[in-house]
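In case you want the letters, here they are:
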2 protein chains.
Amino acid sequence: MPVPEPARGLRVALLGCGVVGTEVARMLLEQGTDLAARAGAPLELAGIAVRDASRPRDAAIPPALLTEDAESLVDGADIVVEVMGGTEPARALLLRAIEGGAAVVTANKALLAADGPTLYKAADSAGVDIYYEAAVAGAIPIVRPVRESLAGDHVRRVLGIVNGTTNYVLDQMATTGLDLDEAVKQAQDLGYAEADPTADVEGYDAAAKAAILASLAFHTRVSADDVAREGITGVTSADVAWAARTGHAVKLLAIAEQTGEGVSVRVHPALVPLEHPLAGVKGAFNAIFVEADAAGPLMFYGQGAGGRPTASAVLGDVVSAARHRVLGGKGPQESIYAARPLLPADAAVTRYQVRLLVADLPGVLAQVAGVVGDHGVSIDTVRQTGPSEGTAELLLTTHAAREASLAATIAAVRTLEPVREITSVLRVEG
Amino acid sequence: MPVPEPARGLRVALLGCGVVGTEVARMLLEQGTDLAARAGAPLELAGIAVRDASRPRDAAIPPALLTEDAESLVDGADIVVEVMGGTEPARALLLRAIEGGAAVVTANKALLAADGPTLYKAADSAGVDIYYEAAVAGAIPIVRPVRESLAGDHVRRVLGIVNGTTNYVLDQMATTGLDLDEAVKQAQDLGYAEADPTADVEGYDAAAKAAILASLAFHTRVSADDVAREGITGVTSADVAWAARTGHAVKLLAIAEQTGEGVSVRVHPALVPLEHPLAGVKGAFNAIFVEADAAGPLMFYGQGAGGRPTASAVLGDVVSAARHRVLGGKGPQESIYAARPLLPADAAVTRYQVRLLVADLPGVLAQVAGVVGDHGVSIDTVRQTGPSEGTAELLLTTHAAREASLAATIAAVRTLEPVREITSVLRVEG
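An unreviewed UniProt entry lists chain A under the name Homoserine dehydrogenase, from Promicromonospora sukumoe. Quoted verbatim from the Cofactor (unreviewed entry) field of UniProt, the annotation for chain A is "a metal cation".

See below:
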């Protein structure tokens, strides 16, 4: 058991201040106390390397932290966080950090897909850690599950929806009948797609992620150039409509699989049976489906892009790197966290859907609604069926309210003269 | 950076040899070389503690490894794996292991739900690691993602389908119209439900997992007794049918959420909107939906029970514990793994769905099928529409074949005289 070092502050160097970098800086600055508790030491944002320190930034970024001298910033850091993107100077700076003994965290999929193994080897040789949870599928934890949770198992196959733009486009084609160009235009209007959508629709972004996933799952040197790649530009609205007719959804998949002969890595549109969990991944969401020998099928779902989701993954890596530095490994179990009070069951906030049978008399609905309102509960929808033989059925859904108020409401409704029976009370969640 | 110890073998003590224990032992014995590479040291199964060593066991279990003296086995171990279940003697043995400086791995949800914090505190005090990925949701990685990947974020809410039996029962009620008793009977016949289904249908099993999830997500001492619990015995086939009519699925949810006031933990059936990812979790599968401030919604899906899936999670924990012991933290990045060859794109095995327009002449289908067969590709289904104006449309789905054969098949079909156009070629995956 390594002896923990005293909890001195750790200097974090941030390279890059774009959408992700700004969120990382904001979270580091605003959540300092929480992060220190979780990391086992204060995390000090030592500086933010940018190309042009005079450019105006988000109000959350103290101008004094900005520097154009990335190398000096790296040299004084315990943890280097790279969110600048692109191959150079990101690679040179990360290698410099590694050689200097810093732990590194990167969200740079282009760099890892081009030359990840060089960085992994350098980190191994230097005995430092490299973390890249944010580089594949944004907020979705996939690196730790594959590297650690499945370390005693054999991964056979990884199928990923790893590009939110193309998933949005294909989903729109399926649900609205738009053709590809119209759906891409809509994705651009909503900010899901770039003005030049090539990297997404031609599958380059997905191929970079496929390369990283394959390296991770099968410990094989795969670069983005090795990935057989076909984008979605050949997918027609007729393809999507036919897919639905034959019980499928069209998805752009990143596939890495291991056979007896070796590893196959490819990106292409594919028909996925509607009953497969990947078929249900809608809009701009991402999901990675993993098949392992003993674990069987697993799926990891969430937001694959965006400043805050990606920053969440980066910060998780920063805390891991800090824990490792301070405590020599895993974080503490529970004891350093502030315990939070446990609420009684009737303090929960939920919604109710209630079915009840009532006498078919004028004013019954108003009477029920009045009692519900008297308890501070508001009604979302009411649906009446019947009447048959003098009895009508009401289906009533409430807005969110405290369990205690909802339970009291039901008790009061039950005593109303025209209420014959409360057939069912179910909560609505999610 | 702690200096790695030399890679001596690590002694693993296994407590319990039921369904999960047998699979853990089998995997430790059969995958020794792989596990040693991943763990950074050989893992030696030092013994298996059982109540009755004379009882016949699976052929994979060497009788010489069985012992009834669990305490001595624990005392000589580097890593203690507890899969015996129940509160005692599991707790006493784990505390003994922790005090003796061993890392511990447990799949025991009943023990953690009853008294997890005692174990976590003991491990913190002794400076050893406790791992319990297998105790919540079987093979699904949830402990690492919440503890580590989300360590820089704030979890707001956890919604889990954590009991496969009740999910199967509710799913059957929805898809076949069975009532509860019939669906439970069917689950029993299939081995999904115990002869006495109380622990599942009354929500006790889900409540134990809810307690562990709440402790994990919110660092709050929650025991199974603190969880507000309602099972599925009150759910009628009418409820399930009404749910569908209003766009919902009925699911038994384990809910842990944090509000400004504190933490609420409960288990009850709930209506989940059909467009919510949890509504698509079918059969005996489990899924855990996590909402975090920055990451947004995440979902983790897989098999929540069963010997092999649970053993996969246990082995992942064993490898993590070993890495920590040998290497002082994370495992090596890539270099110790054997690199596997990368296959060319046309070696991939896939299925094709092909749409083509053909002249409406007798024998065309046979001609197309003949060419496909000549390339060693077999046809799964053919569907013909039309003819209109002398042209028919064929929709042809193949069985799995090599990409190279499929591509050659398409090229040959394209040259057939009656083939007017190949409208679409899409791969089928998943």
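All right, on to the overall build of chain A then. Counting its regular elements, chain A contains 14 helices and 17 strands. Dimensions along the principal axes, computed over C-alpha positions, put chain A at roughly 85 × 55 × 50 Å. Looking at the 430 residues of chain A, the share that counts as buried comes to 58%. Contacts in chain A between residues at least 24 apart in sequence constitute 69% of all its contacts with a sequence separation of at least 6. Accessible area of chain A: about 15800 Å², with a carbon and sulfur share of 52%.

On to unusual backbone geometry. In this structure, A:Pro89 follows A:Glu88 across a cis peptide bond, with omega equal to 5 degrees. Tracing the sequence through the fold places A:Pro89 in the loop between strand E4 (79-82) and helix H4 (90-99). One non-glycine residue, B:His219, adopts positive backbone phi at about 55 degrees. By the secondary structure assignment, B:His219 is in the loop between helix H10 (204-218) and strand E8 (228-229). Judged by relative accessible area, B:His219 falls into the buried class, the value being 13%. Positioned with a positive phi, B:Glu389 is a non-glycine residue whose angle comes to about 50 degrees.

This part takes up the sheet that holds strand E1 (residues 10-15) of chain A. All names here are of chain A. Taking strand neighbours across the sheet as the criterion, the six strands line up as E3-E2-E1-E4-E5-E6 in an open arrangement whose pairing is parallel. A single partner strand is all that each edge strand has here, and the edge strands are strand E3 (66-67) and strand E6 (130-131). Bridge analysis of strand E2 (residues 43-49) against E3 gives two bridges, and the strand direction is parallel. The partner of Ala49 across the bridge, within E3, is Thr67.

What follows deals with the environment of B:Ala207. All names here are of chain B. Looking at the secondary structure, you find Ala207 in helix H10. Remark: the alpha-carbon pair of Ala207 and Leu253, spanning 46 residues in sequence, is separated by 9.5 Å. Apart from residues lying up to four places away in sequence, Ala207 is in contact with Ala224, Val227, Arg229 and Val267.

Before going further, it helps to examine the domain arrangement of chain A. Think of interface size as the accessible area that goes away when the parts come together; that is how it is often given. All names here are of chain A. What the domain assignment reports for chain A is domain 1 (10-138 + 308-327), domain 2 (143-303) and domain 3 (345-428). Contacts between the two partners involve 19 residues from domain 1 and, on the opposite side, 18 residues from domain 2. Of the roughly 1500 Å² buried where domain 1 meets domain 2, counting both sides, 61% is carbon and sulfur surface. Our count for the contact surface shared by domain 1 and domain 2 stands at three salt bridges. Residue Glu133 pairs with Arg144 through a salt bridge whose shortest N-O separation is 3.3 Å. The interface formed by domain 1 and domain 2 holds six residue pairs in polar contact (both at pLDDT 80 or more) in total. Secondary structure elements with two or more residues in the side of domain 1 that touches domain 2: helix H5 (109-126) and helix H12 (307-327). Ranked by residues supplied to the side of domain 1 that touches domain 2, first place goes to H5 with eight residues. Residue composition of the side of domain 1 that touches domain 2, by class: 11 nonpolar, four polar and four charged.

Turning our eyes to something else, we now look at the pairing of strand E1 (residues 10-15) of chain B. Strand residues, when the strand is regular, have side chains that alternate between the two faces of the sheet. All names here are of chain B. When you tally the buried positions in E1, you get five out of six residues, the bulk of the element. As judged from the four bridges shared by E1 and strand E4 (residues 79-82), these two strands associate in the parallel manner. The partner of Ala13 across the bridge, within E4, is Val80.

Residues and elements named next belong to chain B. Relative to each other, helix H5 (residues 109-126) and H10 sit at 20 degrees, their axes nearing to 7 Å. In terms of orientation, H5 lies roughly parallel with respect to H10. The crossing of H5 and H10 is left-handed. Between H5 and H10, the residues in contact are Lys109, Leu112, Ala113 and Tyr120 and Asp205, Ala208, Lys209, Ala211 and Ile212, respectively.

All names here are of chain A. In the UniProt entry, the feature "binding site: NADPH" (unreviewed entry) is given for Lys109. Assignment of secondary structure puts Lys109 in helix H5. Dropping the residues within four chain positions of it, Lys109 is found in contact with Ala135, Asp205, Ala208, Lys209 and Ile212.

The next point concerns the UniProt feature "binding site: L-homoserine" (unreviewed entry) in chain A. The positions that UniProt labels "binding site: L-homoserine" (unreviewed entry) are, in the present scheme, A:Glu194. What makes A:Glu194 exposed here is its relative accessible area of 54%.

Here the focus is the relation of the copies chain A and chain B. Under the fitted operation, chain A is carried onto chain B by 0.0 Å of movement along the axis and a turn of 180 degrees, and the coordinates agree to an RMSD of 0.1 Å. What we have between these two chains is a two-fold relation. Here 99% of the interface residues in chain A have copies in chain B that are interface residues too; the copies meet face to matching face.

Once that is clear, we can look at the interface of chain A and chain B. Taken together, the contact pairs 123 residues of chain A with 122 residues of chain B. Approximately 10400 Å² of surface area, both sides summed, lies buried where chain A meets chain B, with 53% of it carried by carbon and sulfur atoms. Of all residues in chain A, the largest losses of buried area upon contact with chain B belong to A:His219, A:Trp242 and A:Glu429, amounting jointly to 7% of the total for that side. For the pair chain A and chain B, the number of links is 12 salt bridges. Salt-bridge contacts for B:Glu429 lead to A:Arg266; the nearest nitrogen and oxygen are separated by 2.9 Å. Where chain A meets chain B, there are 40 residue pairs in polar contact (both at pLDDT 80 or more). When the residues that make up the side of chain A that touches chain B are grouped by side-chain class, the tally is 57 nonpolar, 34 polar and 32 charged.

Quick notes on the rules
Residues numbered from 1 in each chain as written. Chains lettered and ligands numbered in written order. Predicted model: local features only at pLDDT ≥ 70, side-chain atom pairs only at ≥ 80, totals over all residues. Heavy atoms only, no water. UniProt positions renumbered as here; feature names shortened; annotations may be inferred. Helix = DSSP H or I, 4+ residues; strand = E, 2+ residues; numbered from the N terminus. Buried < 20%, exposed > 50% of the residue type's maximum accessible area, 1.4 Å probe, protein only. Contact = heavy atoms within 4.5 Å. Areas by Shrake-Rupley, 256 points an atom, 1.4 Å probe, with all protein chains shown as cover. Pairing = 2+ DSSP bridges. Domains from an automatic or database assignment. Buried area = accessible area lost by both parts, 1.4 Å probe. Salt bridge = Lys/Arg side-chain N within 4 Å of Asp/Glu carboxyl O. Polar contact = N/O pair within 3.5 Å; in protein donor to acceptor, adjacent residues only side chain to side chain. Nonpolar A, V, L, I, M, F, W, Y, C, P; charged D, E, K, R; others polar. Axes fitted to C-alpha atoms, helices over the stretch in contact; angles between N-to-C directions. Parallel < 35°, antiparallel > 145°, perpendicular 65-115°, else oblique. Left-handed = near helix turned anticlockwise from the far one by under 90°. Least-squares fit on C-alpha atoms with pLDDT ≥ 70 in both.

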